[in-house]
Amino acid sequence: MKKNIVVLISGRGSNLQSIISAAKDKDYPAAVSLVISDNSKAQGLYIAKNNSIDNVIIEKSSFDSNDKFEEDLIKNIIQYDPSLICLAGFMKILSKNFVEKFMGKIINIHPSLLPKYKGLNTHQKAINSGDKYSGCTVHYVNNKMDDGEIIAQQEVIIATDETVETLKEKVLDLEHKLYPKVIKALLS
Ligand code: GAR
């Protein structure tokens, strides 16, 4: 019996796609049971729909407080009794209360070698700093942005003629391999 994963997205959903694809393998220990998007226009919602995965839109603007928004997230998540909650391009910081409720079960992927370059524009920051390597990180989530214990990282070399676009592509390619691998390792 496969374990349940809930994936939270805000946009394109290419990492969501990579997890869904990996989970199709019969030996993969988990399946994506629910996709939550905090953005009604997220492309990733189509990926959930095309794969017949339950999906729900929970937008913060529909609630009069962050607490109420998170209460609704929690209400939806617990129905699926997930072994892991995977943030995949989910662009919100979760509260201490939320994080403590699912302690050790929320993970995130970020396109830099954390603790370097939290937040946005990670590739520009790595190139501007003259770094020789960039990469991606999977980490446990706490109530700070792109923080929390690091689970795994994968590096790429930054070429001398690297542009933000080429680096983004290289790192995203790594993300798509690393995230499903880490989920498998955590749940096996
Ligand atoms: C990915 O590059 C992911 O690492 C990043 O957003 C992108 C989402 O793409 N996440 C963060 O920056 C978290 N701070 P996707 O929607 O195609 O998976």
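Report follows, based on the coordinates. All values reported here derive from a predicted model rather than from experimental measurement. (Residues numbered from 1 in each chain as written. Predicted model: local features only at pLDDT ≥ 70, side-chain atom pairs only at ≥ 80, totals over all residues. Heavy atoms only, no water.)

## Remarks on the pattern of salt bridges
The following threshold applies: Definition used for salt bridges: Asp or Glu carboxyl oxygen within 4 Å of a side-chain nitrogen of Lys or Arg. In this scheme, a residue with accessible area under 20% of its type's maximum is buried, one over 50% is exposed, and one in between is partly exposed, where area comes from a 1.4 Å probe on protein chains only. Per the convention used, a helix needs a DSSP run of H or I reaching at least four residues, while a strand needs a run of E reaching at least two, with both numbered from the N terminus.
Following the criterion strictly, the structure yields nine salt bridges and no others. Where Lys68 meets Asp64, a salt bridge forms, and the shortest distance between an N and an O atom there is 3.7 Å. We classify Lys68 as partly exposed; its relative accessible area is 41%. For Asp131, the salt bridge is made with Lys116, and the minimal N-O distance between the two is 3.3 Å. In this pair, Asp131 is assigned in the loop between α5 (122-128) and β6 (133-140) and Lys116 in the loop between β5 (106-110) and α5, connecting sequence segments 15 residues apart.

## Quick look at the nonpolar core
Put simply, the rule reads: Side-chain atoms within 4.5 Å link the members of a nonpolar core, which is a set of buried Ala, Val, Leu, Ile, Met, Phe, Trp, Tyr and Cys residues. Any pair of residues with heavy atoms lying within 4.5 Å of one another is described as a contacting pair.
Counting 36 residues, the largest nonpolar core has Ile5, Val7, Leu16, Val32, Cys86, Tyr179 and Ile183 as its most contacted members. If one sorts the elements of this core by residue count, helix α6 (residues 164-187) sits on top with eight residues. When sequence neighbours within four positions are dropped, the list of residues in contact with Val32 reads Ile5, Val7, Leu16, Ile19, Ile20 and Ile53. Membership of the second largest hydrophobic core comes to 19 residues, among which are Leu34, Tyr80, Leu94 and Phe98.

## So, the packing of aromatic side chains
For any pair of aromatic rings, geometry is given as the distance between the ring centres together with the angle between the planes. For the record, the criterion: Stacked, tilted and edge-to-face are the three classes applied to pairs of Phe, Tyr and Trp rings, where Trp contributes its six-membered ring and a pair requires centres within 6.5 Å; stacked means planes under 30 degrees apart, edge-to-face means over 60, and tilted covers the rest. Only Lys NZ and Arg CZ are tested; either one counts as a charge over a ring when it is within 6 Å of the ring centre and within 35 degrees of the ring normal.
Overall, the coordinates contain two aromatic pairs when judged by the stated rule. Measuring from centroid to centroid gives 5.2 Å for Phe98 and Phe102, while their planes differ by 55 degrees, and the two rings are tilted. According to the relative accessible area criterion, Phe98 is buried, its value standing at 0%. In this arrangement the basic side chain of Lys49 is found over the ring face of Tyr46, its NZ or CZ atom lying 5.7 Å from the centre.

## Section: the side chain of Ser37
With respect to the element layout, Ser37 can be found in strand β2 (residues 30-37). Filtering out sequence-adjacent residues up to four positions away, Ser37 remains in contact with Ile9, Ser10, Ala42, Leu45, Val56, Ile57 and Ile58.

## Digging into the pairing of β6
For clarity, the threshold we go by: In this description, strands pair whenever DSSP reports at least two bridges between them.
Most of β6 sits out of view: six of its eight residues are buried. By the bridge criterion, four bridges tie β5 to β6 in an arrangement that is antiparallel. The residue bridging Ile109 from the neighbouring strand is Val138, located in β6. Direction of pairing for β6 relative to strand β7 (residues 150-157): antiparallel, over a ladder of seven bridges. Counterpart to Ser134 in the pairing with β7 is Val156.

## Description of the site of the ligand
Applicable threshold: Residues are classed as near a molecule or strand on a simple rule: at least one heavy atom within 4 Å of it. Under the rule applied, a polar contact is a pair of N or O atoms within 3.5 Å (in protein, one hydrogen donor and one hydrogen acceptor; residues adjacent in sequence only if both atoms are side-chain atoms). Put simply, Ala, Val, Leu, Ile, Met, Phe, Trp, Tyr, Cys and Pro go in the nonpolar bin, Asp, Glu, Lys and Arg in the charged bin, and everything else, Gly too, in the polar bin.
Inspection of the region around the ligand gives Arg12, Gly13, Ser14, Asn15, Gly89, Met91, Ile109, His110, Pro111, Asp146, Leu172 and Glu175 as its neighbouring residues. Arg12 has a polar side-chain atom sitting 2.6 Å from an oxygen atom of the ligand. Within the side chain of Glu175, a nitrogen or oxygen atom sits 2.6 Å from an oxygen atom of the ligand. Elements represented by at least two residues in the shell around the ligand include exactly α1 (14-23), β5 and α6. Across the shell around the ligand, the residue classes tally to four nonpolar, five polar and three charged.

## Digging into the layout of surface pockets
The cut-off we apply is this: For cavity detection a 1 Å grid was placed over the protein atoms alone, and a set of points counts as a cavity when a 1.4 Å probe fits there but cannot get out; an open set counts as a pocket when protein lies on both sides within 12 Å along at least five of seven lines, with lining residues being those that have an atom within 4 Å of a point. Grid points are joined across faces, edges and corners, and a volume is the space filled by probe spheres set on the points.
In this structure, the largest pocket occupies an estimated 850 Å³ of space. Lining the largest pocket we find 34 residues, and of these Gly89, Met91, His110, Pro111 and Leu120 sit closest to its centre. For the lining of the largest pocket, the secondary-structure elements that each account for two or more residues are α1, β5, α5 and α6. The leading source of residues in the lining of the largest pocket is α6, at four residues. Residue classes in the lining of the largest pocket are distributed as 13 nonpolar, 14 polar and seven charged.

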